[in-house]
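Letter by letter, the chains look like this.
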Protein chains: 4
Amino acid sequence: MDIIVLKKSSTQDEIDNIQKRLETKGLSVNISKGTERTIIGVIGDTSKIPEEEVDSVRAMSGVDEVMRIVKPYKLASRDFKKENTVIDVEGLKIGGNKIHIIAGPCAIEGRDILLTIAQKVKESGASFVRGGAFKPRTSPYTFQGMGEEGLQILLEAKKLTGMPIVTELMDPRDLTLMLKYTDIIQIGTRNMQNFRLLLEVGMVDKPVLLKRGLSATIKEWLMAAEYIMSRGNHKVILCERGVRTFETITRNTLDLSAVPVLKQLTHLPIIVDPSHAVGRWDLVKPMSLAAVAAGADGLLIEVHTKPEEACSDGEQSLKPDVFDDLVKSLRLVATAVGREI
Amino acid sequence: MDIIVLKKSSTQDEIDNIQKRLETKGLSVNISKGTERTIIGVIGDTSKIPEEEVDSVRAMSGVDEVMRIVKPYKLASRDFKKENTVIDVEGLKIGGNKIHIIAGPCAIEGRDILLTIAQKVKESGASFVRGGAFKPRTSPYTFQGMGEEGLQILLEAKKLTGMPIVTELMDPRDLTLMLKYTDIIQIGTRNMQNFRLLLEVGMVDKPVLLKRGLSATIKEWLMAAEYIMSRGNHKVILCERGVRTFETITRNTLDLSAVPVLKQLTHLPIIVDPSHAVGRWDLVKPMSLAAVAAGADGLLIEVHTKPEEACSDGEQSLKPDVFDDLVKSLRLVATAVGREI
Amino acid sequence: MDIIVLKKSSTQDEIDNIQKRLETKGLSVNISKGTERTIIGVIGDTSKIPEEEVDSVRAMSGVDEVMRIVKPYKLASRDFKKENTVIDVEGLKIGGNKIHIIAGPCAIEGRDILLTIAQKVKESGASFVRGGAFKPRTSPYTFQGMGEEGLQILLEAKKLTGMPIVTELMDPRDLTLMLKYTDIIQIGTRNMQNFRLLLEVGMVDKPVLLKRGLSATIKEWLMAAEYIMSRGNHKVILCERGVRTFETITRNTLDLSAVPVLKQLTHLPIIVDPSHAVGRWDLVKPMSLAAVAAGADGLLIEVHTKPEEACSDGEQSLKPDVFDDLVKSLRLVATAVGREI
Amino acid sequence: MDIIVLKKSSTQDEIDNIQKRLETKGLSVNISKGTERTIIGVIGDTSKIPEEEVDSVRAMSGVDEVMRIVKPYKLASRDFKKENTVIDVEGLKIGGNKIHIIAGPCAIEGRDILLTIAQKVKESGASFVRGGAFKPRTSPYTFQGMGEEGLQILLEAKKLTGMPIVTELMDPRDLTLMLKYTDIIQIGTRNMQNFRLLLEVGMVDKPVLLKRGLSATIKEWLMAAEYIMSRGNHKVILCERGVRTFETITRNTLDLSAVPVLKQLTHLPIIVDPSHAVGRWDLVKPMSLAAVAAGADGLLIEVHTKPEEACSDGEQSLKPDVFDDLVKSLRLVATAVGREI
C-alpha cells in the first residue's frame, strides 16, 4: 500500500482523476480528509508499480507527495523468504554458521606469485581464492589485467589448493569465457548499477558476489540484487566494501551497520571487504574483527607476498604472515559471537 | 612531478630503495631533508605512472604519503590543448559562442507523442532532439524502453524537424545498432565508470555526451573522458547533471561551479542537465538561467506534452508552453553574458 | 496530519494503544486496513508534535514507520505568511526587487585597509560593508579577530560610506556589545545549530543573517530560522554558502537550487555567498552571475586590497577592480531577469 | 615541512617573493625545479602556520597549490605524546585495558525513572550514568530539558549507585553550574565546532567527552580536541557517534574505522556511541560488539525503562533487560580481543 498526500489546494476533480487512474491499475483507494490535508491510501499490491511510474502520479495535478510503503524489491526480501539463503559452492556453504574467508591479490600478475599466495592463504584458513583477470581501472593507461591467461592461472591455483575461485566480470561479452573458470562471479562496485550486466548474470546458474556501489544506499543495492534474481538466479551474495564519505584518511568508510540491517531486510548472505573500504593494510585487522562481531557471513581480504610490487592496491594488501595472524584472532571473535571459521 | 613524503622513522636504506625503484622507471629524484621530514621530489614525466601503481610506492617501507602534482588526465587537459574544442554535429557547433538546447522526453513512448514534442521544441528553439530507447531503470520490473523501434521513431523526428539525435547507449553490444541512428551517443550517469563501454565509444567516430557520475568528482569525470579519448575519439561533451548530497527536496544537487572549473581544466564543451538534477519541473527554469549565467555551452531539458502520463520522470518534464517561455528568458540571460541561443 | 504505518504483524491491542495515546494528545485517527498493511492517519494539528516525540511513537510496539506530512517549521513557512518578507535596514530593503551586495574582507585586520576597501566597494555598488571582528577558526593558534576594536573600525567605515554593517556573532556573551555596532547580526555556518545562540538573537530587534550549515538540509536550516523567529525576531535573512560534497577542487559546492526551493517554502529573503562556497576568487564571478539568475535577493562577497596579505581566506577574495567589473556584469544579468542592483 | 607547488608559468620574481615571505616567518626553503614544475619545500616548524594563513600563500601570484605535511594539531597528536592518555574519573580509568560503559536515558525526565534506570544499568555492569539536563533540539517547540533540577536528580543517582556522571553542556554560561554536578562534561555533535564553548571547557579541570561532528572529518575532530587542550585541559575523551551519509535506514553511519585510525593519530581515549549512530535499538547490540572488536575504550548506550514514553530518542533506547543481555555478550568479545569490561 502506498500513500498519496494531496496539496492543500487540491480539488475534488483532481481527487477523482487520481482515483480513476489508480483503479485502472486494479488498485482501490481509501480517502481520508484531515483538518490540513487529504490523504489517499492506495489499497492493493502496489509493489507492481515501479518507482519511475510513481513519478508520473507525483506529476498529476493536486498531488503534493507520494510515499511508498511496500519495498520495491521482492525476491530479495525477507518477506518473500523467511529463512536465510545458504549458497553451496563446491560443498562450502555461504550464509550458514561457518564464516568463509575469500583471499588473494587484487589483480593476477603472474603464475608463481598467485600460486604461492593461494597456498599460503589456504594454509592460514581461507576457503576461496580471489584475483582479478579483468581490472576496472580509473586510468586507461594502467595495467588492465591478464585476461584469460589470468583465469587459467586461477584455475591452476584451484587445482593446487582445492579452493573455489572468485573473480570479477566487467563486460557481458566476457561471461561465456568467465563461466569456464570461476565458481563465483564478482560484480564490482562501479558496475552495481550496470543493469545489462546484472540481467546477464541473472540468467546463468552461478553464484554472484554483488559489491555495494560507491555511494549506493542499501535499498539501491537490494534493487541491484533484485535485477539479478528477477532473471532466475537467486544465488546472490552481498558484499559491503565501504561507502564514500568526507573522511580522507580511509579510502572509504566501511558501513558495518549494513550487516545487521541486511540481516533484517533480506535472506541473502552478506560478506565484508575491509581491504577496499579502508585502503590501508594496517586497518584491515580491526575492521575484520569488527565485521565478524557485527554478524558478517564472510570476509574478502587482499593478500600479497610483495605488496610494494603489486600492480594495484599494494597499500591495502596483507602479507601472508599478517593474514595468518589475523585468522587466528578472527577465530576467537567468531567463537565469542557463536560462529566458527 | 610527484612528491613522496617519508616517515620520520625512515632509514637511508629505505630512501635508496625508493630512489632505485623510481630510476628504473626513468625518473630522477630531488631529496630534501627538512627538520621534520625528508621529502623526495620525483623529476620527470610522472603522468605515465598510473594512480594504481602509486599505491605500490605508498606501500614501500619508509613512505608516509605520496602526493601527485601532474594531472592523471592528459588528452582532456587544457595543458594538452589550449583552445576550446568545438564539436560540429551536422553543422551545429557545440562549444562555440552559440548555446544549444537538447530537448525531448526522458523515454520514447510512441511515435505520435515524440513527433509532436519534437516539432514543438524545435519551434521554441531547441536544436537537438533527445529520447531514450534503452532505459537504465532502478527496477527490473519497469518499462525498459522501446529499443530499435524507439530509435526509428527518433530518426523520423529528425527527418521531420532537421534536429540531430541524442540518445543513450547502455551496452557495448548495442553500439553497431545505435550508430545507424544517433548523432550523439549519450553515456548515462550510472555508466560513467563502465570502462568497457567507454573504450567502445572511444573507438568510433561519433560525438559522445558523457554525463557526470552520481557522486563523481570532477577529476574522476575527466578520467572517464580520458578513457574515451585514449582510444582516439576526442569528440566528448561533458554534461553536469547534479551530484548526490544530503538534500532531499531536490533529487540531486546541481553543481554549477563545475562549469567554470571545467572551463579551466579542460578544452571540452560542457552542457548542463537541470531536469535530472532537480527532479522537479518547477525548478528547471531558474536552474537553466543560472547554468547559462555560469557559462554552460548548452542545456539538456526534458519536455513532455503529458507529463502525468510519462513512463518515467514525468515530475521533471516541462510542458511545451513552459519550455517555450523558458527559451525566451534564456535568450535574455545569454545576451547578458555575451552568448546567443 | 501525520501517517503511522503499522507492522504486518501488528495486533488490535497495539492499534488501540496507539489510538489512545494520540487521543490523549487531542488528535483523532483514521484507520485504513490495506491488503498488506494497516495505516493510521492522524487527524488534527500534528505540527505541535515535535520531531523528537515522534520517535517515541516510532518506538511503540506494532509501529513500523511514522511519516510526517506537516512541516516542522511554521513561522518561517509560506503557509504562515504568503507575501515575501522585506527587511528594512536603514532604508535599504532586503527581499524586494533590488538586489543588495554585502562586501568586505573576511576579517577586520586594521583601520586603514578596511576603510579603503569599504570606500572602493561602495563606489562599485555595494550597499553593505562586512568584516569579522570575532572569527571562528579551525585552529586555536590562529588570529581570532580584533574584537571590539574591529567593531569600532567597522562603525567608522559605516560613518565614512553610509553603508550599514554586517558582522558575525559567535557567543551569546558578546551580544550586548555587538548590538552597539552592527546593523545585521551574522550567524555563521558552524553555529547554525548552536541553539542557545539562535534563541538569544531571537530576542533582540535586529536583522539576523543566518548562514546554512556545512552539511545542513534546507529543512534543518529553516528549523534554525524557526528557532530565531520563535522568540519574536522575524527579521531573518537566509544565506546559502555551499554544502559539503566529495568535490575537492572547490572548497564546498554552492547549492543554487536552494534559492528557488526556498522561494517556495519560505517568505524570508535569501542571499548567496559565492566566496566561501567556491573558495577561489576566480570562480566568484560566474557563480555570482548564476546566483542572480537563479533568483537570489543579494550577494555576500569577499573583497580585499591585498589578498596575499589577508589574515584569512585571501585565496577567495576579489581585488577591488575585479569586484568593480563583477558588479557591472551583475547589473546586466539582473536586468535580464527583471531585477536591479 | 610544507610544500608549495608553483604554476608552470611562475616567474623568478614570484619565487623570490614567496621565499622572502617565508623567511620573514623564520622558515627556510628548498627549491627543486622539475621538468614540469618548480616545487618549494618549506623547511622549519610550519606547524605554527595556521590553515587560514596558508590560504594567503595560496593567494600569492605564481602559486598553484600548497600541500601541508605537518599535522595542524600538536597536543592531541601521538607525535606529541607516545603513550595512551588514561583519564582517571573517581578511580575509574578511561583509556586503559578496561572498557567502560556509560549508560542512561537521552534526557532526564523525572526522579524515579532516572534512579530506576541508574540502578538497573549499574547492576548490569555500566560504570557511568548519563542523562541530558540541557537538550539540543532541532525544534524550538520541544522539551528542552529539566535544567538544574535534572542535574540534581543525576547527582542523587550518583549517590545511590556510586556511578560518576556524564552530561552535556550547551552554553558557556551554564559551565559554573555544570561543574557543581558532573564528572565528565559532554560536548555534543552540534557543538563540536562551537569554538567559544571549547575554549571555555579547556580552562577547567574536568574531563571532556567530545562527540564527533555530524559530518566532521577525523582531522577536524582532532582540531576541536586541540582547541580544548590548547587552554590546558588535556583530559579529552573522543566519542564516535556516526557521520552523515546517504543511507537513510540508519540515522547516521557509524564509522568504526575511526577507532583504529585515532589509535594511530592520537593518544586520547576513544569511545563509541552506537545508539545515536544507528538510531534504532535493534541495531545497538551488533554495533556495540563491533565497536569493542575494533578497539573502542568504552561505549555510550541509551537505556530507558519505557522507551515508548521517552521524551526523546525512544526509538534507539534499550530496555534494561536487553542492556543486561548486551553486556553479557560484550564481555565475551572483550575477552576475545584481550580486553575486559
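As annotated in an unreviewed UniProt entry, chain A is 3-deoxy-7-phosphoheptulonate synthase from Candidatus Magnetominusculus xianensis.

Here we take up the overall build of chain A. Check the secondary structure of chain A and you find 11 helices and 14 strands. For chain A, the spread of C-alpha atoms along the principal axes amounts to about 75 × 45 × 40 Å. Evaluated residue by residue, chain A yields a buried proportion of 69% over its 341 residues. At a minimum sequence separation of 6, the contacts of chain A that also span at least 24 residues come to 68%. When the accessible surface of chain A is split by element, carbon and sulfur atoms take 50% of a total near 10,800 Å².

At an RMSD of 0.0 Å, chain C and chain D line up after a rotation of 180° and a shift of 0.0 Å along the axis. As the rotation angle and translation indicate, the two copies are arranged about a two-fold axis. A symmetric contact is evident, with 100% of the interface residues of chain C recurring at the interface of chain D.

So, on to helix α4 (residues 148-161) of chain A. Residues and elements named next belong to chain A. With 14 residues, α4 extends 20 Å between its outermost C-alpha atoms, agreeing within 8% with the 20 Å of an ideal straight helix rising 1.5 Å per residue. Residues G150, L151, I153, L154, A157, K158 and T161 constitute the buried set of α4. In an axial view of α4, the angular spread of the buried residues amounts to 160°, which keeps them on one side of the axis. Two residues or fewer after α4 comes G162, characterised by a positive phi angle close to 80°.

Contact residues are listed per partner, giving 53 residues for chain C and 53 residues for chain D. For the pair chain C and chain D, the two sides together bury roughly 4,700 Å², of which 48% comes from carbon and sulfur. Put simply, chain C and chain D have 8 salt bridges between them. When the shortest N-O distance is used, the salt bridge between R196 of chain C and D171 of chain D registers 3.3 Å. Applying the counting rule to chain C against chain D returns 23 residue pairs in polar contact (both at pLDDT 80 or more). Elements with a minimum of two residues in the side of chain C that touches chain D: α2 (51-59), α6 (195-201) and α7 (218-229) of chain C. Sorting elements by how many residues they give to the side of chain C that touches chain D places α2 of chain C first, with 7 residues. The class makeup of the residues in the side of chain C that touches chain D is 18 nonpolar, 13 polar and 22 charged.

So, on to the confidence of the model for chain A. Summary statistics for chain A give a mean pLDDT of 92 and a share of 98% for residues scoring 70 or more. For this predicted complex, the interface confidence comes out at an ipTM of 0.93, alongside a pTM of 0.94.

This part is about the packing of helix α3 (residues 111-124) of chain A against α4 of chain A. All names here are of chain A. Axis separation between α3 and α4 bottoms out at 9 Å; the angle between their running directions is 35°. The handedness of the crossing between α3 and α4 is right-handed. From α3, R111, L114, L115, A118, Q119 and K122 reach across to α4, where they touch I153, L154, E156, A157, L160 and T161. In terms of residue class, the contact of α3 with α4 is built from 7 nonpolar, 2 polar and 3 charged.

So, about helix α11 (residues 320-336) of chain B. Along an α-helix, residues three or four positions apart point the same way, because every turn accommodates 3.6 residues. The terminal C-alpha atoms of α11 of chain B lie 25 Å apart, and with 17 residues this matches the ideal 24 Å at 1.5 Å per residue to within 8%. For α11 of chain B, the set of buried residues is P320, F323, L326, V327, S329, L330, V333, A334 and A336 of chain B. Looking at the buried positions of α11 of chain B, the neighbouring elements they touch are β7 (100-104), α3 (111-124), α10 (284-294) and β14 (298-302) of chain B together with α11 (320-336) of chain C.

This part is about the domain arrangement of chain A. Looking at the assigned domains, one finds that chain A contains domain 1 (3-67) and domain 2 (87-336). With centres defined by C-alpha atoms, the gap from domain 1 of chain A to domain 2 of chain A works out at 43 Å.

Copies of the same chain, two in number, are related to each other by a rotation about an axis and a translation along it. When chain A is brought onto chain B, the operation consists of a screw motion whose angular component is 180° and whose axial shift is 0.0 Å, with 0.0 Å RMSD remaining. Of the interface residues in chain A, 100% have counterparts in chain B that sit at the interface too, so the contact is made through matching surfaces.

This chain's UniProt record puts "domain: DAHP synthetase I/KDSA" (unreviewed entry) on residues 88-326 of chain A. For residues 88-326 of chain A, the end-to-end C-alpha separation is 25 Å, with 35% helix and 16% strand making up the annotated structure.

This part takes up the interface of chain A and chain B. Chain A puts 53 residues into the contact, and the matching count from chain B is 53 residues. Viewed at the interface, chain B and chain A are joined by 8 salt bridges. Across the pair R196 of chain B and D174 of chain A runs a salt bridge, and its minimum N-O distance is 3.0 Å. Taken together, chain A and chain B are joined by 23 residue pairs in polar contact (both at pLDDT 80 or more). Looking at the side of chain A that touches chain B, the elements with two or more residues in it are α2 (51-59), α6 (195-201) and α7 (218-229) of chain A. For the side of chain A that touches chain B, the element with the highest residue contribution is α2 of chain A, accounting for 7 residues. Residue composition of the side of chain A that touches chain B, by class: 18 nonpolar, 13 polar and 22 charged.

Okay, unusual backbone geometry next. Of note in this structure, E90 of chain C is not a glycine but carries a positive phi near 45°. With respect to the helices and strands, the residue E90 of chain C is situated in the loop between β5 (87-89) and β6 (92-94).

This part is about the side chain of E302 of chain A. Residues and elements named next belong to chain A. Take E302: it is sitting in strand β14 (residues 298-302). Its relative accessible area of 0% is what places E302 among the buried residues. Separated by 3.3 Å, the side chains of E302 and Q316 make a polar contact. Those residues in contact with E302, other than ones at most four positions away along the chain, are G104, C106, R130, S275, H276, D313, Q316, S317 and L318.

Sheets are built from strands paired through backbone hydrogen bonds, the pairs being either parallel or antiparallel. All names here are of chain B. Spatially, the 4 strands line up as an open sheet ordered β2-β3-β1-β4, and their pairing is antiparallel. The two strands at the open ends of the sheet, each matched to only one other strand, are β2 (28-33) and β4 (63-67). Direction aside, the axes of adjacent strands within the sheet are offset by 20° on average. Inspection of the sheet shows β2 paired to strand β3 (residues 38-43) by 6 bridges, in the antiparallel sense. Note on β3: the bridge partner recorded for S32 is I39. Across the sheet, helix α1 (residues 12-24) touches β1 (2-6), β2, β3 and β4, and the angle it forms with β2 is around 155°.

Moving on, we come to the packing of aromatic side chains. According to the stated counting rule, one finds 8 aromatic pairs over all chains in the structure shown. Centroid distance F195 of chain A to Y227 of chain A: 4.6 Å. Interplanar angle 25°. Geometry classified as stacked. With F195 of chain A in helix α6 and Y227 of chain A in helix α7, this pair connects stretches of sequence that are 32 residues apart. You can call Y227 of chain A buried: its relative accessible area is 0%. Here the aromatic rings of F246 of chain A and F246 of chain B are separated by 5.9 Å at their centres, their planes lie at 80°, and the arrangement is edge-to-face. Residue F246 of chain A is found in the loop between β12 (236-240) and α8 (258-265), and its partner F246 of chain B is found in the loop between β12 (236-240) and α8 (258-265); the two belong to separate chains. The rings of F246 of chain A, F246 of chain B, F246 of chain C together with F246 of chain D are connected pair by pair, giving a single aromatic cluster.

Before going further, it helps to examine the nonpolar core. Residues L256 of chain A, L256 of chain C together with L256 of chain D are the most contacted members of the largest nonpolar core, which totals 341 residues. Apart from the residues within four sequence positions on either side, L256 of chain A is in contact with V272, M287, A290, A291 and A294 of chain A together with L256, M287 and A290 of chain D.

To continue, consider the sheet that holds strand β4 (residues 63-67) of chain A. All names here are of chain A. The sheet built from 4 strands is open, its strands ordered β2-β3-β1-β4 with antiparallel pairing. Of all strands in the sheet, those with a lone pairing partner are β2 (28-33) and β4, marking the two edges. Sheet twist, expressed as the mean angle between neighbouring strand axes with direction ignored, is 20°. Across 4 bridges, the pairing between strand β1 (residues 2-6) and strand β3 (residues 38-43) is antiparallel. Counted as the bridge partner of D2 is V42 from β3.

A few words now on the pattern of salt bridges. Per the counting criterion, the structure on display carries 88 salt bridges over all chains. Between K180 of chain C and E148 of chain C there is a salt bridge, with its nearest N and O atoms 3.8 Å apart. Of this pair, K180 of chain C sits in the loop between α5 (175-179) and β10 (184-187) while E148 of chain C sits in helix α4 (residues 148-161), and the two are 32 residues apart along the sequence. Residue class for K180 of chain C comes out exposed when judged on its relative accessible area of 58%. Across the salt bridge formed by R173 of chain C and E200 of chain D, the nearest N and O atoms sit 3.1 Å from each other. Here the residue R173 of chain C occupies a position in the loop between β9 (165-168) and α5, and E200 of chain D occupies one in helix α6 (residues 195-201), the pair thus bridging two chains. For E200 of chain D, a relative accessible area of 19% corresponds to the buried category. Members of the salt-bridge network, linked through shared partners, are D171, R173 and D174 of chain A together with R196 and E200 of chain B.

Conventions adopted
- In every chain, residue numbers begin from 1 and rise along the written sequence.
- Ligands are numbered from 1 and chains lettered from A, in the order in which they are written.
- Reporting in this predicted model follows two pLDDT cut-offs: at least 70 for local features of residues, and 80 or more for side-chain atom pairs to be given and counted; totals over whole chains, interfaces and linings ignore these cut-offs and use all residues.
- By convention in this description, side-chain values take in all heavy atoms of the structure and omit both hydrogens and water.
- Runs of H or I in DSSP of at least four residues are treated as helices and runs of E of at least two as strands, each being numbered from the N terminus.
- Exposure is judged per residue with a 1.4 Å probe applied to protein chains only, and the accessible area is read against the type maximum: over 50% gives exposed, under 20% gives buried, and values in between give partly exposed.
- By definition in these notes, contact holds between two residues if any of their heavy atoms fall within 4.5 Å.
- Each accessible area value is a Shrake-Rupley result obtained with a 1.4 Å probe; residue values ignore everything except the protein chains displayed when judging cover.
- Copy-to-copy superposition: least squares on the C-alpha atoms, limited to residues that have pLDDT of at least 70 in both copies.
- By definition here, a helix of n residues has an expected span of 1.5 Å times n minus one.
- For this quantity, the arc is that covered by the directions from the helix axis to the C-beta atoms.
- A simple way to read buried area is as the amount of 1.4 Å-probe accessible surface that goes missing from two parts once joined, with both sides added.
- By convention in these notes, a salt bridge is any Lys or Arg side-chain nitrogen within 4 Å of a carboxyl oxygen on Asp or Glu.
- Throughout this description, a polar contact denotes any pair of N or O atoms lying within 3.5 Å of each other; where both atoms belong to protein, one of them has to be capable of donating a hydrogen while the other can accept it, and for residues adjacent in sequence the pair is counted only when both atoms sit in side chains.
- Residues are grouped as follows: nonpolar covers Ala, Val, Leu, Ile, Met, Phe, Trp, Tyr, Cys and Pro; charged covers Asp, Glu, Lys and Arg; every other residue, Gly included, is treated as polar.
- The predictor attaches a confidence to each residue, called pLDDT, with possible values from 0 through 100.
- Simply put, an axis is a line fit to the C-alpha atoms, just over the touching stretch for a helix, and the angle between two N-to-C directions goes from 0 to 180 degrees.
- Crossing handedness: left-handed means the near helix sits turned counterclockwise from the far one by under a right angle, and right-handed means the same turn made clockwise.
- Those domain boundaries reflect an automatic or database domain assignment.
- UniProt positions are given in the numbering used here, feature names are shortened, and annotations may be inferred rather than shown by experiment.
- At least two bridges found by DSSP between two strands is the condition for calling them paired.
- Here is the rule: rings of Phe, Tyr and Trp (six-membered ring for Trp) pair when centre to centre is within 6.5 Å. Planes less than 30 degrees apart are stacked, more than 60 are edge-to-face, and the remainder are tilted.
- Nonpolar cores are built from buried Ala, Val, Leu, Ile, Met, Phe, Trp, Tyr and Cys residues. Side-chain atoms within 4.5 Å join them into one set.

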